[in-house]
Amino acid sequence: MKFVLPGVWIAGFTAATLVLFGTGAVITVDGAPPAAPVKWLFLAVAVLGGLSWYWWGIRLKRVDIDDRWLYVSNYFREIRIPLGEIEEVSENRWVNIRPVTISFLRDTDFGSRVVFMPRARWWLFWRPHPVVRELEEAAQRGLGARG
């Protein structure tokens, strides 16, 4: 969800758009080159799709937890954040990957919030993912250790 699907999609639409604008080598069923609106439509879909993939995939982080720290990684760099710095945990149950957002009291190297995709639990589609409660409880423990 972070690298492969966005990479393939963005590369494919970018290549198709470049071919349409650059050479016009893509021929329609009747043998004529594609109309100008088709080229602009492909460009719009490529740009909007790329932005959507960024929003829903590329910005995802990997999150691990232990008794004192939250470990957040973008797969190139990992930071650790004290559990007491967790301000809020929320889940978007309307999106099929059910992204979980963790907001922090202060900015981190990855910003004031991170988004990750928890392991799929298909039988829980109408209930909150258990990781949300686990993170909320960890934040409370972290506040107690801090205070």
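Higher on the page you've got the structure.
Keep in mind that this is a model prediction, so the values were computed, not measured. Counting restarts for each chain: residues are numbered from 1 in the order of the written sequence. A pLDDT threshold of at least 70 governs which residues receive local features in this predicted model, and a stricter bar of 80 or more applies before side-chain atom pairs are shown or counted, although totals over entire chains, interfaces and linings include all residues. Hydrogens and waters are ignored; side-chain quantities use all the structure's heavy atoms.

A.B. asks: How would you summarise unusual backbone geometry if you had to cite specific residues and measurements?
C.D. replies: Positive phi, close to 80°, is recorded for Tyr-75, a residue that is not glycine. Numbering of helices and strands starts at the N terminus; helices are DSSP runs of H or I of at least 4 residues and strands are runs of E of at least 2. Mapping Tyr-75 onto the fold places it in the loop between β2 (69-73) and β3 (78-82). A residue is classified by how much of its surface remains accessible, and Tyr-75, at 46% relative accessible area, is partly exposed. Categorising residues by exposure relies on relative accessible area from a 1.4 Å probe, with only protein chains included: less than 20% of the type maximum marks a residue as buried, more than 50% marks it as exposed, and the intermediate range marks it as partly exposed.

A.B. asks: Tell me about the nonpolar core, and please be specific about residues and values.
C.D. replies: Buried Ala, Val, Leu, Ile, Met, Phe, Trp, Tyr and Cys residues that are joined via side-chain atoms within 4.5 Å together make up what is termed a nonpolar core. Core analysis: the biggest nonpolar cluster contains 19 residues, and Leu-70, Val-72, Ile-86, Ile-102 and Leu-135 have the highest contact counts within it. Every element with two or more residues in this core is listed here: β2, β3, β4 (86-91), β5 (100-108), β6 (111-116) and α3 (130-146). In terms of residue count, α3 provides more of this core than any other element does, five residues in total. By definition, residues are in contact when any of their heavy atoms lie within 4.5 Å. Not counting residues up to four positions away in its chain, the partners in contact with Leu-70 are Val-63, Asp-64, Ile-65, Ile-79, Arg-80, Ile-81, Leu-83, Ile-86, Ile-102, Phe-104 and Leu-135.

A.B. asks: Account for the packing of aromatic side chains, with residues named and values stated.
C.D. replies: Aromatic pairing here means that ring centres of Phe, Tyr or Trp (its six-membered ring) are within 6.5 Å. Orientation follows from the plane angle: under 30 degrees is stacked, over 60 is edge-to-face, and everything else is tilted. Using the criterion set out here, one finds two aromatic pairs in the structure. Residues Trp-9 and Phe-13 carry aromatic rings whose centres are separated by 4.4 Å and whose planes lie at 25° to one another, so their mutual orientation is stacked. A residue pair is termed a helical-turn pair when its members lie 3 or 4 positions apart in one helix, as Trp-9 and Phe-13 do in helix α1 (residues 4-22) at four residues. Take Trp-9: its relative accessible area is 24%, and that puts it in the partly exposed class. Under the relative-accessibility criterion, Phe-13 is labelled partly exposed at 23%. These aromatic residues form a ring-pair network of at least three members: Trp-9, Phe-13 and Phe-42. A ring has a charge above it when a Lys NZ or an Arg CZ is no more than 6 Å from the ring centre and no more than 35 degrees off the ring normal. In this arrangement the basic side chain of Arg-62 is found over the ring face of Tyr-75, its NZ or CZ atom lying 5.9 Å from the centre.

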